[in-house]
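Here is how the chains run, residue by residue.
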Amino acid sequence: LICVIFLFLWLTRRIMHIGRQAIALDRVFSGLVAQGIGLWLGFQAFINIGVNLGALPTKGLTLPFMSYGGSAIMANLVAIAIVLRVDVENRQLMRGGRA
C-alpha cells in the first residue's frame, strides 16, 4: 500500500512539475491542462485510497490505472498521453526548437 501511495504521489508531483515548466516557457494553456490532469489523478487516487482505508465515505471513484472498467482506464491513458505531449513540447522548446 505504501508503495502505491508513493507512486501516485510521485506521478502527481511530476505532472505538476511538467505543468509549471510549460507555464515558465510561456505555454500557459498547456501548463494549466497538465496541472489540471495532475490534480484530477491525484485527487481521485487520494479519495479512493481514503475510502479503502475507511477514512472517507464511499464515492464510487476508481483508482486510476487499476480499475476494472475499460472507459476509466482509457480516460486515464488519454490524460497521460496529453501530459506526455506537453512534456515533449517543453523539451523541444528548451533545446531551442519549435513546438
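Per chain, the residues get numbers from 1 upward, laid out in the order the sequence is written. Confidence filtering applies because this is a predicted model: local features only for residues at pLDDT of at least 70, side-chain atom pairs given and counted only at 80 or more, and all residues used for totals across whole chains, interfaces and linings. As a convention, hydrogens and water are excluded, and side-chain values are obtained from all of the structure's heavy atoms.

**Q** Outline the environment of T62, listing residues and values.
**A** By definition, any uninterrupted DSSP run of H or I lasting at least four residues is a helix, any uninterrupted run of E lasting at least two residues is a strand, and each is numbered from the N terminus. Mapped onto the fold, T62 is located in the loop between α2 (28–53) and α3 (70–94). We classify T62 as partly exposed; its relative accessible area is 28%. Once the C-alpha coordinates of T62 and V78 are considered, the two residues, 16 residues apart in sequence, prove to be 16 Å apart. Contacts are residue-level and defined by heavy atoms, with any inter-residue pair within 4.5 Å sufficient. Contacts of T62, omitting those with residues within four sequence positions, involve Q44, N48, S67 and A72. Only protein chains enter the calculation, and the probe is 1.4 Å; a residue is then buried if its accessible area is under 20% of its type maximum, exposed if over 50%, and partly exposed in between.

**Q** If you had to explain the nonpolar core to someone new, which residues and values would you point to?
**A** The definition of a nonpolar core used throughout is a set of buried Ala, Val, Leu, Ile, Met, Phe, Trp, Tyr and Cys residues joined through side-chain atoms within 4.5 Å. Core analysis: the biggest nonpolar cluster contains 11 residues, these being L11, I15, I18, A22, A34, I37, L41, A79, I80, V83 and V86. Put simply, the parts of the chain that give this core at least two residues each are α1 (2–24), α2 and α3.

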